[in-house]
Amino acid sequence: FRQIQQGDGMLEVDLDATLNNRQVGFAGSIGPYQNLLNGQNVAFKGSGNLGSLQIVAEGLIDDLLNPQRPDFMFELQGSDTDDITEMLGVDDLGSGAFSVNGRGETINGKYVADLDGNIGDLSLKLQAQASGLLELQEVDLELAINGSKLGAVTRIFGLENWPDEPFSLEGSVLRDGSNLSVPDLRLNIGGARLNLNAELELPPFGFRAY
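Residues numbered from 1 in each chain as written. Predicted model: local features only at pLDDT ≥ 70, side-chain atom pairs only at ≥ 80, totals over all residues. Heavy atoms only, no water.

**Focus: the environment of Ile30**
Point 1. Considering the arrangement of structural elements, one finds Ile30 in strand 3 (residues 22-31).
Point 2. C-alpha separation for the pair Ile30 and Glu58, spaced 28 residues apart in sequence, amounts to 9.4 Å.
Point 3. In contact with Ile30, other than residues within four places in its own chain, are Met10, Leu11, Leu36, Val42, Ala43 and Phe44. (Helix = DSSP H or I, 4+ residues; strand = E, 2+ residues; numbered from the N terminus. Contact = heavy atoms within 4.5 Å.)

Shown next as structure tokens:
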């Protein structure tokens with residue numbers, strides 16, 4: 001690991017390592033150094049690899065302990081999903097290419113984030129608008145997920161006994177304060193289709209790091 005502070009306060013970092021017989025590398029910059037000490041407005045940019053997984057990322061984090069509206073983008077690319085899921089200890093999500101892109105930014109006063117890509121047989125697309133990353137009092141989420149094995153996905157979240165059947169999940173979720181609205185959430189499993197429409201009252205919710 002090598003780190004050099006530049007004249008503008010940015011830290012150039014370079015990592016070259018082996019982890020569990022896999023090459024790990026990263027080259028990029030983070031800082032400025034004074035902002036790192038204060039934990040405010042920290043910029044980062046770089047690229048690297050974790051085994052066969054290639055990573056590119058850049059952004060600006062407004063608060064390291066309590067990020068509200070960080071600007072960021074990242075790209076994860078790999079040619080072999082089997083190798084990547086095995087490396088991460090995730091259940092089999094199918095074979096083929098691994099490609100996931102994400103972005104977050106403030107547009108017209110709203111924090112907007114999206115995630116889309118393909119992980120083997122699984123395709124996903126999430127788009128969200130919120131008041132902030134941690135204070136989730138106003139949220140508008142659109143999602144579309146398709147895959148060949150529903151059980152392989154649910155087991156990632158500790159939910160057992162779901163069938164390994166082809167599935168698709170599409171719909172939207174809206175939150176305004178304590179009101180949670182699910183206007184039309186559609187889940188197809190094999191030949192079965194489930195529709196959910198709901199209006200719920202929720203307690204105040206949010207994350208905060210200490």
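Continuing now.
**Some thoughts on a nonpolar patch on the surface**
Point 1. A contiguous nonpolar surface patch, about 430 Å² in accessible area, is contributed by Ile156, Phe157, Leu159 and Trp162.
Point 2. Residue position: Trp162 is located in the loop between helix 3 (150-154) and strand 11 (167-176).
Point 3. Taking the relative accessible area as the measure of exposure, Trp162 reaches 37% and is therefore partly exposed. (Patch = residues over 30% accessible without salt bridge, like charges linked within 9 Å, V, L, I, M, F, W, Y side chains within 5 Å. Areas by Shrake-Rupley, 256 points an atom, 1.4 Å probe, with all protein chains shown as cover. Salt bridge = Lys/Arg side-chain N within 4 Å of Asp/Glu carboxyl O. Buried < 20%, exposed > 50% of the residue type's maximum accessible area, 1.4 Å probe, protein only.)

**Description of the nonpolar core**
Point 1. With 16 residues, the main nonpolar core has Phe98, Ile119, Leu122 and Phe167 as its most contacted residues.
Point 2. At the level of elements, strand 7 (98-107), strand 9 (122-130), helix 3 and strand 12 (179-189) are the ones that each hand at least two residues to this core.
Point 3. Per element, the largest residue contribution to this core is three residues, and it comes from helix 3.
Point 4. Excluding residues within four positions of it along the chain, Leu122 makes contact with Leu93, Gly117, Ile145, Asn146, Gly147, Val153 and Phe167. (Core = buried A, V, L, I, M, F, W, Y, C linked by side-chain atoms within 4.5 Å.)

**A word on the pairing of strand 1 (residues 2-5)**
Point 1. Where strand 1 and strand 2 (residues 11-19) come together, four bridges link them in antiparallel fashion. Bridge pairing in strand 2 places Gln3 opposite Val13.
Point 2. The hairpin turn running from strand 1 into strand 2, its antiparallel successor, is five residues long, and Gly9 in that turn takes a positive phi close to 90°. (Pairing = 2+ DSSP bridges.)

**A short note on helix 2 (residues 81-88)**
Point 1. Listing the buried residues of helix 2 in full gives Thr81, Asp83, Ile84 and Thr85.
Point 2. Against the buried residues of helix 2 lie strand 3, strand 5 (53-63), strand 6 (71-78), strand 7 and strand 8 (110-119).
Point 3. Just downstream of helix 2 lies Gly89, where phi reads positive at about 70°.

**Points about unusual backbone geometry**
Point 1. Going from Gly31 to Pro32, the amide bond is cis rather than trans, its omega being 0°.
Point 2. With respect to the secondary-structure elements, Pro32 resides in the loop between strand 3 and helix 1 (33-38).
Point 3. At Asn20, a position not held by glycine, the phi torsion is positive, near 50°.
Point 4. Counting through the fold element by element, Asn20 comes out in the loop between strand 2 and strand 3.
Point 5. Here Asn20 falls in the exposed class, since its relative accessible area comes to 67%.
Point 6. Backbone geometry places Asn41, a non-glycine residue, at a positive phi of 50°.
Point 7. Relative to the elements of secondary structure, Asn41 occurs in strand 4 (residues 40-50).

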